[in-house]
Amino acid sequence: MGRFGVVPAAGAGTRLAPYRAPKELIQVGYHDVGGRVLPKAAIEHVLTAMRGGGVGRAFVVLSPAKAELLRYLGSGSYLGMDLAYVCQEVARGLPHALDLATPFLAGRTVCMGMPDTIITPDDGFARLLDFHDGTGADLSLGVYPTATPQSLAPVVVEPGSYRVLAIVDKPEHPRPTTRGASPRGRRSSPSCCTRAWPMRRPVRSSCSATSSSPP
């Protein structure tokens, strides 16, 4: 059924106040667009990483205050992608933002990445998807070793199998067998097979792949 991406970009970015432009459009580096070297916005990093993994279509979740992202990204054709938009009219958090795209994604393999994130390595999504397809897991997380789990949402993994045992948010007393992950998470259900693919430490990375079942 193909691979889809979801990028939740409805957040208000209050931690950057008094900066008033969408944080997703902060310029981070440069890229080639039609033979021209242009500034690369933060959100373009996660989209191009998805495209490199064979993801040709993605949903961007916006709030009514984020119409500038729609104007900037447009159809996504200049990135070699087809983009569509879902509106989160009331700020109800990240899980709700992702749920808004669920009716369009049943039966598909879905990649999620944060819009203010630089994915490393460049082929991170491609390798994560290969890992996901090879393990048959319901959910695969791209994780990396960290020395500061107290400031992240570390993933507790089973040595050898990389089966995810738990995801905890900024623990005061982290367990020693943890790897960092940017996305917040929940403890995995016993009925859900979740595995972690070890990445080298990125600048900041947040990516996941899941196989979605029809409701």
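As the structure is a prediction and not an experimental result, all values here were calculated from the model.

> Can you walk me through the nonpolar core in this structure?
Generally speaking, soluble globular proteins have nonpolar side chains that are buried together. With 22 residues, the main nonpolar core has I43, V46, L47, M50, L73, M81 and F125 as its most contacted residues. Sorting the residues of this core by element identifies helix 1 (42–52), strand 4 (57–62), helix 2 (67–73) and helix 4 (124–135) as the ones contributing at least two each. In terms of residue count, helix 1 provides more of this core than any other element does, five residues in total. Ranked by size, the runner-up nonpolar core spans 10 residues in total, among them F4, A10, V86 and A97.

> I'm lost on a nonpolar patch on the surface in this one. Help?
On the surface, a nonpolar cluster with roughly 240 Å² of combined accessible area is contributed by L16, Y19 and I26. Mapped onto the elements of the fold, Y19 is located in the loop between strand 1 (3–8) and strand 2 (27–33).

> Please clarify how the side chain of S140 should be interpreted in this entry.
Relative to the helices and strands, S140 resides in strand 7 (residues 139–143). Residue classification places S140 among the buried residues on the basis of a relative accessible area of 0%. Here the side chain of S140 touches H132 through a polar contact of 2.8 Å, side chain to side chain.

> Looking at this structure, how should I read the confidence of the model for the chain?
The predicted coordinates ought not to be read in detail in places where the model reports low pLDDT. Residues with a pLDDT of 70 or more make up 81% of the chain, whose mean pLDDT is 80. Of all helices and strands in the chain, the one with the weakest mean pLDDT is strand 10 (residues 178–179) (50), whereas strand 5 (residues 82–87) scores best (97). Under a pLDDT of 50 for its full length, residues 180–191 has, in the predicted model, 30 contacts with residues more than four places off or in other chains. This stretch, residues 200–206, has a pLDDT under 50; its non-local contacts, to residues over four places away or in other chains, come to 29 contacts.

> What is the right way to read the pattern of salt bridges from this model?
Opposite charge on two side chains permits them to pair, given that their charged atoms come into close proximity. Enumeration over the complete set of coordinates arrives at six salt bridges. Between K66 and E24 there is a salt bridge, with its nearest N and O atoms 2.9 Å apart. Within this pair, whereas K66 is found in the loop between strand 4 and helix 2, its partner E24 is found in the loop between strand 1 and strand 2, the two being separated by 42 residues in sequence. In this pair, the class of K66 matches that of E24, namely buried. The salt bridge partner of R127 is D123, with a shortest N-O separation of 3.6 Å. By relative accessible area, D123 is classed as partly exposed at 37%.

> Quick question: what am I supposed to make of the side chain of H31 here?
Position of H31 among the secondary structure elements: in strand 2. Residue H31 is classed as buried on the basis of its relative accessible area, which comes to 13%. Other than its neighbours up to four places away in sequence, H31 contacts R36, V37, L38, P39, K40, E44 and L79.

> What am I meant to see in the environment of K66 here?
Residue classification places K66 among the buried residues on the basis of a relative accessible area of 7%. In the structure, K66 is positioned 42 residues away from E24 in sequence and 9.7 Å away in space, judged by C-alpha atoms. If near-sequence neighbours (up to four positions away) are discounted, K66 is found in contact with A9, A10, G11, P22 and E24.

> Which parts of the structure should I look at to understand helix 4?
Spacing of three or four residues puts side chains on the same side of an α-helix, whose turn is 3.6 residues. Between the first and last C-alpha of helix 4 there are 16 Å, a value that for 12 residues agrees with the 16 Å anticipated at 1.5 Å per step. Of the residues making up helix 4, those classed as buried are G124, F125, A126, L128, L129, F131 and H132. Backbone geometry just downstream of helix 4 places G136 in the positive-phi region, at approximately 70 degrees.

> I keep staring at the packing of aromatic side chains and nothing clicks. Help me out?
To describe a pair of aromatic rings, you give the distance between the ring centres and the angle between the ring planes. Tallied over the entire structure, the rule returns two aromatic pairs. Through pairs of rings, three or more aromatic residues link up here, namely F4, F59 and F104.

Parameters at a glance
Residues numbered from 1 in each chain as written. Predicted model: local features only at pLDDT ≥ 70, side-chain atom pairs only at ≥ 80, totals over all residues. Heavy atoms only, no water. Core = buried A, V, L, I, M, F, W, Y, C linked by side-chain atoms within 4.5 Å. Buried < 20%, exposed > 50% of the residue type's maximum accessible area, 1.4 Å probe, protein only. Helix = DSSP H or I, 4+ residues; strand = E, 2+ residues; numbered from the N terminus. Patch = residues over 30% accessible without salt bridge, like charges linked within 9 Å, V, L, I, M, F, W, Y side chains within 5 Å. Areas by Shrake-Rupley, 256 points an atom, 1.4 Å probe, with all protein chains shown as cover. Salt bridge = Lys/Arg side-chain N within 4 Å of Asp/Glu carboxyl O. Polar contact = N/O pair within 3.5 Å; in protein donor to acceptor, adjacent residues only side chain to side chain. pLDDT = per-residue confidence, 0-100. Contact = heavy atoms within 4.5 Å. Expected span 1.5 Å × (residues − 1). Phe/Tyr/Trp six-rings, centres within 6.5 Å; stacked < 30°, edge-to-face > 60°.

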